[in-house]
Amino acid sequence: MIITRRPGATAGAFDRQRLVPGWDQPRVERARVLVAGVGALGNSVAAELVAHGVRHLALIDNDVIETSNLSRTVLFRAGDEGRRKCDVAAERLTLRAPARPLHLVPLHTDAVSELGWGVYRRVDVVLGCLDSSAARAGVGAPAWALDVPAVFGGIYAWDGNVLVQGEACVACDFGAAEWADMNRHYSCHRVRRDSTGAPLPNLGLTTSIVGALMARETLRLLHGDRSRRGSRTFLAGNGPSLHRLAVRRSPRCPMHMPVRGVVEMPELTSALTAGAALELLARRWEGEVALDLGRDFLLAARCLGCGTERPLMRARHRTWERDLLCERCAKSPGPWPTDPEIEAMQSISLQTPPAILDRSLEALGIPPLHLLETRTARGPHWIELSGDAERILPGWPAIAA
Ligand SMILES: [Zn+2]
Ligand SMILES: [Zn+2]
């Protein structure tokens, strides 16, 4: 967490925008924004929002700065190569803030699989500044599930677009190319792949325009304007011109799972063993409790080539395609059988073997501050690992009423 007051900051820094009819500066300064992806687009949006007085930003990115980023990133400069994007962005935003102390939380983590959904419950707007379709869908899903407005930017050469989720999610608008991109990131076993495709053509000026449009949508949403939810605005670089289309919910989109009535449990953290967490839940609901992991925990793989079985004991999202390759078969010349039979676990209860229950929830693949579905005799409940909140979002403003 970085909280700073820039020396010489003046209270009058926002005097001109306060003159804009309907502008609510205190609302802007109270807003809590999640920036998923702090590459070129994330730089641009975050810089715009801070310039307008947004103070609370969580900056999520698990990447480090490369030379090829520098021509398009307003917050990074030569010499930053190798440093974490989220940390450098936080430092530079602090220098750019026109006034007020900033409250920035850099999180060097994977926005899709390692960011607890409780983070989404604590923000007013989610910004998707991500280039892969898999990441866009993975960030859009929790925002949709928790009914948090989400704004996504996309860039291709001179053209760009901004999508605001509504009834439709970002993946509802995916075409064949986007679903193919999803598959590039994951094998048919849904474990990770090393190859992620070639980089897309990109221009810093398109990034600036799309970043400014995303910041504009964010500020309108913060002012209560819901008219753009469920729309996509296209920037045609040739004109340039803008046109907006409604995005309809696709009946085939698999990303829609509403999460309501979350029970906050400050006594639960991802560091607890699964067994201890289940005992706490069993006491609370006075009876048998099963906990859905919401993701697969891979127990073992059996090679279909030679029949060798070996333990995996890791979450699917932390498993790479190469981890599934049979060591014995890999020694022989190919082709190697890369599709082993996998034994996986999706939910746990107090009857689950101690080899699993003695592990922490974190070791089972559950990120801090995550939401989990429990099944009890009195029906299903969504619970939150609320005990992680202060560690993940230190000093963050409480959930708005
Ligand atoms: Zn959808
Ligand atoms: Zn084998």
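Since the structure is predicted, the reported quantities are computational estimates derived from the model, not experimental observations. (Residues numbered from 1 in each chain as written. Chains lettered and ligands numbered in written order. Predicted model: local features only at pLDDT ≥ 70, side-chain atom pairs only at ≥ 80, totals over all residues.)

(A) Highlighting unusual backbone geometry. In this structure, Pro-240 follows Gly-239 across a cis peptide bond, with omega equal to -10°. Tracing the chain through its elements places Pro-240 in the loop between strand E8 (231-236) and strand E9 (241-246). Phi angles above zero are rare outside glycine, and Leu-369 is one such case at about 60°. Turning to its location among the elements, Leu-369 is positioned in the loop between helix H11 (354-357) and strand E14 (371-376). A residue is classified by how many C-beta atoms lie within 10 Å of it, and Leu-369, with 26 of them, is buried. (Helix = DSSP H or I, 4+ residues; strand = E, 2+ residues; numbered from the N terminus. Buried ≥ 20, exposed ≤ 12 C-beta atoms within 10 Å, placed from the backbone.)

(B) Main features of the packing of helix H6 (residues 133-145) against helix H7 (residues 176-185). The interhelical angle for the contact between H6 and H7, taken along N-to-C directions, is 95°, at an axis separation of 7 Å. Between H6 and H7, the interaxial angle falls into the category roughly perpendicular. Residues Ser-133, Ala-134 and Ala-137 of H6 touch H7, and the partners they reach there are Glu-178, Asp-181, Met-182 and His-185. Classifying every residue of the contact of H6 with H7 gives three nonpolar, two polar and two charged. (Axes fitted to C-alpha atoms, helices over the stretch in contact; angles between N-to-C directions. Parallel < 35°, antiparallel > 145°, perpendicular 65-115°, else oblique. Contact = placed C-beta atoms within 7 Å. Nonpolar A, V, L, I, M, F, W, Y, C, P; charged D, E, K, R; others polar.)

(C) Seen up close, the packing of helix H3 (residues 40-51) against helix H8 (residues 204-222). It is at 8 Å that the axes of H3 and H8 come closest, and there the two elements cross at 45°. Classified by the angle their axes make, H3 and H8 are oblique. Note that H3 runs across H8; the crossing there is right-handed. In contact with Ala-40, Leu-41, Ser-44, Val-45, Glu-48 and Leu-49 of H3, H8 contributes Gly-204, Thr-207, Ser-208, Val-210, Gly-211, Ala-212, Met-214, Ala-215 and Thr-218. By residue class, the composition of the contact of H3 with H8 is eight nonpolar, six polar and one charged. (Left-handed = near helix turned anticlockwise from the far one by under 90°.)

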